[in-house]
Structure formats: C-alpha cells, structure tokens
Amino acid sequence: MTQGAYLETKRSPTALTIVVLMHGAAITALAMSKMDVISVGPKPPTTIIDIPNPPPPPVPPEPLKQVQQPQQRQVVTQPPQIVQMVQRPVEFDTSPVPTPAQPYVQPGPVDIILPPAPPSPPPPAPQPKKVESARAKANLASYVSNDDYPASAVRNEEQGTTRFQLTVGPDGRVADCRVTGTSGSNALDTATCRLMKSRARFTPARDSDGKATGDSVYNAIRWVLPD
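Just so it is clear, the structure is predicted and the values come from calculations on it, not from any experiment.

Conventions adopted
Each residue is numbered by its place in its chain's sequence as written, counting from 1. Under the rules for a predicted model, residues below a pLDDT of 70 receive no local features and side-chain atom pairs below 80 are neither given nor counted, while totals for whole chains, interfaces and linings still include all residues. To obtain the side-chain values, all non-hydrogen atoms of the structure were included, while hydrogens and water were left out. Strand pairing is defined by DSSP finding a minimum of two bridges between the two strands. The helix count covers DSSP runs of H or I at least four residues long, the strand count covers runs of E at least two residues long, and both are numbered beginning at the N terminus. Salt bridges are identified by distance alone: a Lys or Arg side-chain nitrogen within 4 Å of an Asp or Glu carboxyl oxygen. Note on exposure labels: buried denotes an accessible area under 20% of the residue type's maximum, exposed denotes more than 50%, and partly exposed covers the range between, all computed with a 1.4 Å probe on protein chains only. Here, the term disulfide refers to a pair of cysteine sulfur atoms separated by no more than 2.5 Å. Pairing of aromatic side chains here covers Phe, Tyr and the six-membered ring of Trp, requires ring centres within 6.5 Å, and sorts the geometry by plane angle: under 30 degrees stacked, over 60 edge-to-face, intermediate tilted. Buried Ala, Val, Leu, Ile, Met, Phe, Trp, Tyr and Cys residues form a nonpolar core when they are joined through side-chain atoms within 4.5 Å. Between two residues, a contact is recorded if the distance between any of their heavy atoms is within 4.5 Å. Simply put, an axis is a line fit to the C-alpha atoms, just over the touching stretch for a helix, and the angle between two N-to-C directions goes from 0 to 180 degrees. Confidence scores per residue from the predictor, reported as pLDDT, run from 0 to 100.

Let us now look at the sheet that holds strand β7 (residues 212-213). Read from one edge to the other, the open sheet built from three strands follows the order β1-β6-β7, with strand pairing classed as antiparallel. In the strand order of this sheet, the two ends are held by β1 (130-132) and β7, each with one partner. Bridge analysis of strand β6 (residues 205-207) against β7 gives two bridges, and the strand direction is antiparallel. The residue bridging R206 from the neighbouring strand is A212, located in β7.

For the structure on display, the rule yields two salt bridges. For R135, the salt bridge goes to E132, with nearest N and O atoms at 3.6 Å. Its relative accessible area of 46% is what places R135 among the partly exposed residues. Here D148 and R199 are joined by a salt bridge, their closest N and O atoms 2.8 Å apart. Separated by 51 residues along the polypeptide, D148 in the loop between β2 (135-136) and α2 (151-155) and R199 in helix α3 (residues 186-199) bring together distant segments of the chain. Take D148: its relative accessible area is 14%, and that puts it in the buried class. The exposure class of R199 is partly exposed, given its relative accessible area of 34%.

Before going further, it helps to spend a moment on the state of the cysteines. In total, this model carries one disulfide according to the counting rule given. The side chain of C177 participates in a disulfide bridge whose partner is C193; the two sulfur atoms lie 2.3 Å from each other. Residues C177 and C193 share a disulfide whose torsion about the S-S bond is about -65°; that sign makes it left-handed. Of this pair, C177 sits in strand β4 (residues 174-181) while C193 sits in helix α3, placing them 16 residues apart in sequence. Across this residue pair, the class does not change: C177 and C193 are buried.

Counting across every chain of the model gives one aromatic pair. Plain terms: the ring middles of Y149 and W223 are 5.4 Å apart, the flat faces sit at 85° to each other, and that makes the pair edge-to-face. Taken as a pair, Y149 in the loop between β2 and α2 and W223 in strand β8 (residues 215-223) lie far apart in primary sequence, 74 residues in all. Classification of Y149 as buried rests on a relative accessible area of 7%.

Next up on the list: the nonpolar core. L140, F164, L166, M196, A200, F202 and W223 are the most contacted members of the largest nonpolar core, which totals 22 residues. Of all elements in the fold, only β3 (160-168), β4, α3 and β8 reach the threshold of two or more residues within this core. For this core, the leading source of residues is α3, giving five residues. Among residues more than four places away in sequence, those in contact with M196 are L140, Y143, V144, F164, L166, V174 and I221.

Okay, the sheet that holds β3 next. Strand order in the open sheet formed by three strands is β4-β3-β8, and the pairing between neighbours is antiparallel. In this open sheet, the two edge strands, each paired with only one partner strand, are β4 and β8. Pairwise comparison of adjacent strand axes, ignoring direction, gives a mean angle of 25° for this sheet. With nine bridges connecting them, β3 and β8 associate as antiparallel partners. Of the residues in β8, the one forming a bridge with V168 is D215.

So, on to the pairing of β3. Pairing analysis gives six bridges linking β3 to β4, with the strands arranged antiparallel. Across the sheet, the residue bridging to Q165 is R178, located in β4. Counting the residues between successive antiparallel strands, the hairpin from β3 to β4 contains five residues, one of them, G172, with a positive phi of roughly 90°.

Quick look at the confidence of the model for the protein chain now. On average, residues of the protein chain score 75 in pLDDT, and 53% of them reach the 70 mark or higher. In this model residues 1-11 is a low-confidence stretch, pLDDT under 50, and it forms seven contacts with partners more than four residues away in sequence or in other chains. In the model, residues 34-41 has pLDDT below 50 throughout and makes zero contacts with residues more than four positions away in sequence or in other chains.

So, in structure tokens, the structure goes:
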C-alpha cells in the first residue's frame, strides 16, 4: 500500500481524540505564525504538511476458548462374589414301612326284627246326643233370702255378684258347683255354692233316646246388704 492510505480499521475513541487535538494545535500554531510575520513581496508557497494518522492500537488477541474435555466415567469393577456351597449330609429314612391297610368292606344290610305293635284300642262307643237341657224347677235367686247373708259379710259390708257353674246329675240334683266370677267376698262366694248344692232342683236333661243325662248350668246371684 502507498503512503497516506487509510487502513479501514476500528479506531478507539481515545485515538480519535488525540488526532483531533493534534490538528487543532497545528492550525493554532499556523495562525500565530501568520500574525507575527509581515510579508513584503510575493507570498511564499504554502507547504502542506501531511500528518499521517497514528497507527491503530493493537487489537488484543481473542481469548482462547477453553475446550471442555469430556469426563471419563470411572468404572469400578467389583470382584465376583464367592459363594461357598455347603454340602449337607444325605439323610435316610429309617422308619419302618407301614403295612398296607386292609380294604374296607361295607357290611351288608342287617335285618332288624321289631316286636309287633299292640292292637289299637277300640273306638269309643257313640254317645247319645243331648236334645233337652236341664231346667231349674224354680228361680235360683228364690233359693236365697236375707237370712242366708253371711254375718261376716254384713259386718264387713261386703256385697257383689257371684257367677257360678252347676253340674246337674241325671237325678236333677246339683253334683258340683264352681265359682266362675267372684263377687270380691270369699264369704259370699262360699255361701252361693253351699246354698245351690243343698236347695236347687232341676229337671234333668234328656238324650236322643229319651234317657236322663248329666248337664251343666251357668247362672249368677247378686248379693245386696239387707236393710
């Protein structure tokens, strides 16, 4: 390249500032020289001083890129495990061999001889049907008077209704008496059955053959304290 050529390089701001200051100093010196010298006659030729540009600052070398070496894997080799085989002694079964069981034979059917059942009892003879019930020969309340009122019931002021059942025999007399509903007084209930058994008389019941038969009669007596 010839002298005075410009290199197209990057200039730093510091270098540019120095160049500007040098040009300014040169122009100022030139102006001062023109003011002090009085020229008589023709002007001398102007000399152009070509001030070369300062060389550019050296370009710093680029930093070397550190190449990362690949990491080597550390391979750990383990020694093979030694397995010790333990030999066990062979065991022999010295127990006696069981004898085979005898085959099971199912027994045959056994005949069971039972004693003969006793003969069933003969059916009961049919009873003749009752066609007529027993009837009292008088009102049952008429068999009881104020004189029959128990003295203990009078003293205790006991009164009430006694319900009863009479068993009438074929002869029309009362064979049995049973209290079916109490009056609340034991003396009154006892007096009722006693009087009915001793005084009541009935026309006995009749069956389909016209014969007298037993029967049951239900009735009640209301006991009221005498005045």
